[in-house]
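# Breakdown of the fold
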Amino acid sequence: SWADRFGMGIIGAIVAIVQLIIYIELTRFLSAQFGGSGDRGRAAQLALYSYTPTLIAQIIALFPVVGGAAALAAPLFGIFLYVQGATRLMGVPQREVAGFVITSIVAWIISGIIIGGINLLVIMPWLFDVDLLGNMIRAINSQAAAQAGG
């Protein structure tokens, strides 16, 4: 229904904001570990600047002709901006930038998987009264039984 889609959109926006806050804190923490300033304000600038191409690509994705190219180019440009900002905004020494960026990306991926899992398995079922985990387990069990019997 319309209300469910609206609710999922609101939850998606909240999750995106939480994820951005986590990215900012990871950037702040990791920059300090790699010899940078660890300044929260500059970490916020870097996280937002480097995430902007992805946000724009999500809007462009509404147009199928150019959406695919934007979806491929945006993360690469975001990484480029992050690399540039590592030294300029966070003060990470040039010799430490590669390690800082790679560690940041790995940390973002791990945090994204955790946040996505919590959203998928806890928040959405709780709000929309869906036994998603139970449905997944039943589907796996029925598929295993079909393979064992067949």
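### Focus on the overall build of the protein chain
Check the secondary structure of the protein chain and you find five helices and zero strands. Order of helices (α) and strands (β) in the protein chain, N terminus to C terminus: α-α-α-α-α. A globule of 150 residues ought to have a C-alpha radius of gyration of about 15 Å, yet the protein chain, at 20 Å, is considerably larger. Scored against the burial criterion, the 150 residues of the protein chain give a buried share of 27%.

### Let's talk about the nonpolar core
Residues Leu46, Tyr82, Val92 and Phe100 are the most contacted members of the largest nonpolar core, which totals 18 residues. Listed by contribution, the elements that provide at least two residues to this core are helix H1 (2-33), helix H2 (40-60), helix H3 (64-88) and helix H4 (97-128). When residues of this core are assigned to their parent elements, the largest contribution, five residues, is made by H4. Excluding anything up to four places from it in sequence, leucine 46 contacts Thr27, Leu81, Tyr82, Gly85, Ala86, Leu89, Met90 and Phe100.

### Structural notes on the packing of H2 against H3
Contact geometry for H2 and H3: axes closest at 7 Å, N-to-C directions at 170 degrees. Taken as axis vectors, H2 and H3 run roughly antiparallel relative to one another. Classifying every residue of the contact of H2 with H3 gives 14 nonpolar, five polar and two charged.

### Brief notes about the layout of surface pockets
Roughly 340 Å³ of volume is contained in the largest pocket. At the level of secondary structure, the elements contributing two or more residues to the lining of the largest pocket comprise H1, H2, H3 and H4.

### Things to note about the side chain of threonine 27
Inspection of the secondary structure puts threonine 27 in helix H1. A polar contact of 3.0 Å, which involves the side chain of threonine 27, links it to the side chain of tyrosine 82. Residues contacting threonine 27, with those up to four places away along its chain left out, are Ala43, Leu46, Tyr82, Met90, Phe100 and Trp108.

### Here's the deal with the environment of serine 31
Tracing the backbone through its elements, the reader meets serine 31 in helix H1. Residues contacting serine 31, with those up to four places away along its chain left out, are Gly36, Ser37, Gly38, Met90, Val92 and Phe100.

### Notes on a nonpolar patch on the surface
Taken together, the side chains of Ile102, Val106, Ile110, Ile114, Ile118, Leu120, Leu121, Val122 and Met136 make up a nonpolar region of the molecular surface, amounting to roughly 780 Å² of accessible area. When residues in the nonpolar patch are grouped by element, the largest group, eight residues, is from H4. Mapped onto the fold, isoleucine 110 is located in helix H4. Among the residues examined, isoleucine 110 registers a relative accessible area of 47% and is labelled partly exposed.

### Structural notes on H3
Between the first and last C-alpha of H3 there are 36 Å, a value that for 25 residues agrees with the 36 Å anticipated at 1.5 Å per step. Remark: the principal bend of H3, roughly 30 degrees, maps to alanine 70. Within the span of H3, buried status applies to Gly67, Ala70, Ala74, Gly78, Tyr82, Gly85 and Ala86.

### Some words on the packing of aromatic side chains
Considering all chains together, one arrives at five aromatic pairs under this definition. Both rings, one in phenylalanine 77 and one in phenylalanine 80, keep their centres 6.0 Å apart while their planes meet at 20 degrees; by these two values the pair is stacked. Here phenylalanine 77 and its partner phenylalanine 80 are both found in helix H3, three residues apart, which amounts to about one turn of the helix. Between the aromatic rings of tyrosine 82 and tryptophan 108, the centroid separation amounts to 4.7 Å while the plane-to-plane angle is 75 degrees, which identifies the pairing as edge-to-face.

Parameters and conventions
- Residues numbered from 1 in each chain as written.
- Predicted model: local features only at pLDDT ≥ 70, side-chain atom pairs only at ≥ 80, totals over all residues.
- Heavy atoms only, no water.
- Helix = DSSP H or I, 4+ residues; strand = E, 2+ residues; numbered from the N terminus.
- Rg over C-alpha atoms; globule rule 2.2 N^0.38 Å.
- Buried < 20%, exposed > 50% of the residue type's maximum accessible area, 1.4 Å probe, protein only.
- Core = buried A, V, L, I, M, F, W, Y, C linked by side-chain atoms within 4.5 Å.
- Contact = heavy atoms within 4.5 Å.
- Axes fitted to C-alpha atoms, helices over the stretch in contact; angles between N-to-C directions.
- Parallel < 35°, antiparallel > 145°, perpendicular 65-115°, else oblique.
- Nonpolar A, V, L, I, M, F, W, Y, C, P; charged D, E, K, R; others polar.
- 1 Å grid on protein atoms, 1.4 Å probe; cavity = no way out; pocket = protein on both sides within 12 Å on 5 of 7 lines; lining within 4 Å.
- Points joined across faces, edges and corners; volume = space filled by probe spheres on them.
- Polar contact = N/O pair within 3.5 Å; in protein donor to acceptor, adjacent residues only side chain to side chain.
- Patch = residues over 30% accessible without salt bridge, like charges linked within 9 Å, V, L, I, M, F, W, Y side chains within 5 Å.
- Areas by Shrake-Rupley, 256 points an atom, 1.4 Å probe, with all protein chains shown as cover.
- Salt bridge = Lys/Arg side-chain N within 4 Å of Asp/Glu carboxyl O.
- Expected span 1.5 Å × (residues − 1).
- Bend = angle between axes of the 7 residues up to and from the residue.
- Phe/Tyr/Trp six-rings, centres within 6.5 Å; stacked < 30°, edge-to-face > 60°.

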